[in-house]
Amino acid sequence: MKKIAICCLALLMAAGMAIQTQAQSVAYYGFTEETGQAYTALTDATEVAGLSSATATFENLFFNATESIDYNETSALAGIPIGFDFLFDGKTYDKFVIGGIGFIVLGDNTSENVTLGSGMMRFWSPIIGICSDGSVYKLANTAIRYKTEGSAPNRVLTVEYTDMAYLEDMDVDNSLDYQIKLYEADSRIEMIFGSTMTFGNAYDWFSVGIRGENGAHFREPIDGDWSATQYESNYTTVSNTTFPEGLKYTFTLPEPCQAPTASVSDLALTATSTMVTGEATVEEGAADGYIVVASTAEITGVPEAGTYAVGDDLLGGKVLAVEELGGTSISFEDGDERYGSALLPNTTYYYAVYLYNFKCSGEPQYGPIASENITTNTSAPASLKVVSLSGEEIKL
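Just so we're clear, the structure is a prediction, and the values are computed from it rather than from any experiment.

### Side note on the overall build of the chain
Part 1 of the argument: Helix and strand content of the chain: 1 helix and 30 strands.
Part 2 of the argument: Counting across all 396 residues of the chain, residues that qualify as buried make up 48%.
Part 3 of the argument: At a minimum sequence separation of 6, the contacts of the chain that also span at least 24 residues come to 67%.
Part 4 of the argument: Carbon together with sulfur atoms contributes 46% to the accessible area of the chain, which is approximately 17700 Å² in total.

Rendered as structure tokens:
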């Protein structure tokens, strides 16, 4: 079985974000799951091209209205218009293509095509739906359709998968019907499952959710039940799981970013001749993270909304540290070569600490300044020489 690996870059991405302030991420989207929801199949919808002539499996194919491609053959496919501008992961998208494995890929207005990248990066694009390491097998009535309905500003795009057999021995009574819905009015995403599907085979991973440039939000079933899930940032190993008919997942945009109103307190600095350390406290839940700026001159003002990385020039200084808040304490060290050499003895350095919020929609916002300065110690001499020695006095 040929496998496609779609989600494995999430950990690398998360590691990359550790040294810069974080932008809006789908990891912080709101989520609800409901059961017993109505499933209304599409009528008069457009069916994708190429599925009817596909071989027994089609997990490697991407579709639009007129053509299908194998993901190994090309890195882009002409996009299908969504029918409205759709906000996702802090960007606006207006087109999509459909992946045979069970997800859609979004594209923006910079090109008529939706870019799939090359190699492993072809799955780095914004995706919504099911991604898996397995195959999808055609049944007699397997179909993929899409349709945009309604009028502005309340249009809805629906992408519908019918009789998706994720195991070779599945039949029409144990295959998956499901829809992906994008809403113009509030940019929410729904996934509605219209049939009960159970598979006992173990998957290295079988993930349902959303993934953008700045993170991922997948759902992991608890005790094999997809109607009772928990957040997962990466792919999920599953076996003996069931999708119940009438299950609905809803992903919603985070609230707009607001600047923290609190600042850190008790900012205290200590120094040696070549090192400065800082400690401070903050109220529980006061913000999502903090940023430290260091300089050889006084720091004033507040950073503009946006993202900053360690080493960036900011407010006349350099960004020294960027961290997510995990409690009520803040600490940092300054002893590197940000100024072309180690910190100098007997020199005054200035530090400013700002709280910021990023688990929200829009650019990160920064709170009030907390600042202090300190002078490093005078260096100890390289050696000492006794000049004179008496019973009560030593001169060096």
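After presenting the structure, the write-up continues.
### Points about the side chain of Glu160
Part 1 of the argument: Relative to the helices and strands, Glu160 resides in strand 12 (residues 156-164).
Part 2 of the argument: A residue is classified by how much of its surface remains accessible, and Glu160, at 2% relative accessible area, is buried.
Part 3 of the argument: At 2.7 Å, the side chain of Glu160 forms a polar contact with the side chain of Gln179.

### Here's the deal with the sheet that holds strand 13 (residues 176-183)
Part 1 of the argument: Strand order across the open sheet formed by 7 strands is 1-20-14-13-12-11-2, with antiparallel pairing between neighbours. Either end of the sheet is taken by a strand with one partner, and the two such strands are strand 1 (30-34) and strand 2 (46-47).
Part 2 of the argument: Note that strand 11 (residues 143-149) and strand 12 share 7 bridges and pair antiparallel. By the bridge assignment, Thr148 is partnered in strand 12 with Leu157.

### Thoughts on the state of the cysteines
Part 1 of the argument: Considering all chains together, one arrives at 1 disulfide under this definition.
Part 2 of the argument: The residue that forms a disulfide with Cys257 is Cys360, at a sulfur-sulfur distance of 1.9 Å. Residues Cys257 and Cys360 are joined by a disulfide whose S-S torsion is about 90°; by sign, that bridge is right-handed. Here Cys257, found in the loop between strand 20 (247-252) and strand 21 (265-271), pairs with Cys360, found in the loop between strand 27 (348-357) and strand 28 (365-375); they are 103 residues apart in sequence, far enough to count as distant. In this pair, the class of Cys257 matches that of Cys360, namely buried.

### Some points on the sheet that holds strand 25 (residues 317-324)
Part 1 of the argument: Spatially, 5 strands are ordered 24-25-23-27-28 in an open sheet, and the strand pairing comes out antiparallel. Edge strands, defined here as strands with exactly one partner in the open sheet, are strand 24 (313-314) and strand 28.
Part 2 of the argument: Sheet topology places strand 23 (residues 289-295) next to strand 27; 7 bridges connect them, and they run antiparallel. Considered in strand 27, the bridge of Val292 is made with Val353.

### Digging into the packing of aromatic side chains
Part 1 of the argument: Under the defined criterion, the tally for this structure stands at 19 aromatic pairs.
Part 2 of the argument: For the pair Phe193 and Tyr249, a centre-to-centre distance of 5.7 Å together with 75° between the ring planes defines the contact as edge-to-face. Residue Phe193 is found in strand 14 (residues 189-193), and its partner Tyr249 is found in strand 20; the two are separated by 56 residues along the sequence.
Part 3 of the argument: For Phe193, a relative accessible area of 0% corresponds to the buried category.
Part 4 of the argument: Centre to centre, the rings of Tyr356 and Tyr366 are 5.3 Å apart; their planes meet at 20°, and the pair counts as stacked. With a gap of 10 residues between them, Tyr356 in strand 27 and Tyr366 in strand 28 connect regions that are remote in the sequence.
Part 5 of the argument: Three or more aromatic residues joined by ring pairs form one cluster here, namely Phe31, Tyr161, Tyr166, Tyr178, Phe193, Phe206, Trp226, Phe243, Tyr249 and Phe251.

### Let's talk about the pattern of salt bridges
Part 1 of the argument: Counted according to the given criterion, the structure contains 13 salt bridges.
Part 2 of the argument: Salt bridges sharing common partners tie together Glu34, Asp186, Arg188, Glu190 and Lys248.

### A closer look at the pairing of strand 22 (residues 276-281)
Part 1 of the argument: Only one face of strand 22 is buried: it carries Val276, Gly278 and Ala280, and the other face, with Thr277, Glu279 and Thr281, is open.
Part 2 of the argument: As defined by bridge partners, strand 21 adjoins strand 22 across 5 bridges and the pair is classed as antiparallel. In the strand pairing of strand 22, Thr270 is matched with Thr277.
Part 3 of the argument: Adjacent in sequence and paired antiparallel, strand 21 and strand 22 are bridged by 4 residues.

### What about a negative patch on the surface?
Part 1 of the argument: Taken together, the side chains of Glu168, Asp169, Asp171 and Asp173 define an acidic patch exposed on the protein surface.
Part 2 of the argument: Turning to its location among the elements, Glu168 is positioned in the loop between strand 12 and strand 13.

### Points about the environment of Lys181
Part 1 of the argument: In this fold, Lys181 is placed in strand 13.
Part 2 of the argument: Separated by 34 residues in sequence, Lys181 and Lys147 place their C-alpha atoms 9.8 Å apart.
Part 3 of the argument: Beyond its immediate stretch of four places on either side in the chain, Lys181 contacts Val156, Leu157, Thr158, Arg188, Ile189, Glu190 and Ile192.
Part 4 of the argument: At a separation of 2.9 Å, a polar atom in the side chain of Lys181 contacts the side chain of Thr158.

### Description of the nonpolar core
Part 1 of the argument: One finds Ile98 and Leu182 to be the most contacted residues of the largest nonpolar core, which totals 66 residues.
Part 2 of the argument: When residues of this core are assigned to their parent elements, the largest contribution, 5 residues, is made by strand 6 (residues 80-88).
Part 3 of the argument: Each residue touching Leu182, except ones within four places of it in the same chain, is listed here: Ile82, Phe84, Phe86, Ile104, Leu106, Ile128, Arg155, Val156, Leu157, Arg188 and Ile189.
Part 4 of the argument: In this structure, Val264, Leu269, Leu343 and Leu355 belong to the second largest nonpolar core, which totals 23 residues.

Rules used throughout
Residues numbered from 1 in each chain as written. Predicted model: local features only at pLDDT ≥ 70, side-chain atom pairs only at ≥ 80, totals over all residues. Heavy atoms only, no water. Helix = DSSP H or I, 4+ residues; strand = E, 2+ residues; numbered from the N terminus. Buried < 20%, exposed > 50% of the residue type's maximum accessible area, 1.4 Å probe, protein only. Contact = heavy atoms within 4.5 Å. Areas by Shrake-Rupley, 256 points an atom, 1.4 Å probe, with all protein chains shown as cover. Polar contact = N/O pair within 3.5 Å; in protein donor to acceptor, adjacent residues only side chain to side chain. Pairing = 2+ DSSP bridges. Disulfide = S-S within 2.5 Å. Phe/Tyr/Trp six-rings, centres within 6.5 Å; stacked < 30°, edge-to-face > 60°. Salt bridge = Lys/Arg side-chain N within 4 Å of Asp/Glu carboxyl O. Patch = residues over 30% accessible without salt bridge, like charges linked within 9 Å, V, L, I, M, F, W, Y side chains within 5 Å. Lys, Arg positive; Asp, Glu negative; His and termini not counted. Charge placed at Lys NZ, Arg CZ, Asp CG, Glu CD. Core = buried A, V, L, I, M, F, W, Y, C linked by side-chain atoms within 4.5 Å.

Distances and angles like these do not, on their own, reveal function.
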